[in-house]
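Survey of secondary and tertiary structure
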Amino acid sequence: MAKIAVINRNEKRKKTVVQFSLKRAELFLVINNINASIEDRYIARQKLQKLPRNSSPVRVRNRCSLTGRPRGVYSKFGLGRCKLRDFAMSGHIPGITKASW
């Protein structure tokens, strides 16, 4: 089980990403626009750098929704590998069975 503070920090990052996503998208349009002047692109880059670091979606970590485990998370289910196996073996996930051949 991950520390509650680490899980809460990640949730706070998710909220920050959503909050600044529109502003970041607008700035990226100006930065990547070839027809814009160099000064405008430079100003847009400076504004982007002044945004909070946690507004970048790269800083959000996928975690297990039950335990908070950061590694081995299946994004389709939102569960870590250990909990996914437990649920699959007990039959709580439809369509998932243990492989046997």
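Quick look at the structure, then. (Residues numbered from 1 in each chain as written. Predicted model: local features only at pLDDT ≥ 70, side-chain atom pairs only at ≥ 80, totals over all residues. Heavy atoms only, no water.)

Below, the discussion takes up the overall build of the protein. Helices and strands together make up the secondary structure of the protein, namely three helices and two strands. Listed N to C, the secondary structure of the protein is α-α-β-β-α in terms of helices and strands. In summary, the protein has a C-alpha radius of gyration of 20 Å against a globular reference of 13 Å for 101 residues, an excess of more than 25%. Referenced to the eigenvectors of the C-alpha coordinate spread, the extents of the protein come out at roughly 60 × 35 × 15 Å. The proportion of buried residues among the 101 residues of the protein is 23%. Within the structure as shown, the protein displays about 8200 Å² of accessible surface, and the carbon and sulfur contribution to it stands at 55%. (Helix = DSSP H or I, 4+ residues; strand = E, 2+ residues; numbered from the N terminus. Rg over C-alpha atoms; globule rule 2.2 N^0.38 Å. Buried < 20%, exposed > 50% of the residue type's maximum accessible area, 1.4 Å probe, protein only. Areas by Shrake-Rupley, 256 points an atom, 1.4 Å probe, with all protein chains shown as cover.)

Now for the nonpolar core. Side chains of nonpolar character tend, in soluble globular proteins, to be buried together. Counting residues in each nonpolar core, the largest one holds six residues, listed as F20, L27, I31, A44, L48 and L51. Every element with two or more residues in this core is listed here: α1 (4-32) and α2 (38-50). By residue number, the principal contributor to this core is α1, which donates three residues. The residues contacting L48, other than those within four sequence positions of it, are R24, L27, F28 and I31. (Core = buried A, V, L, I, M, F, W, Y, C linked by side-chain atoms within 4.5 Å. Contact = heavy atoms within 4.5 Å.)

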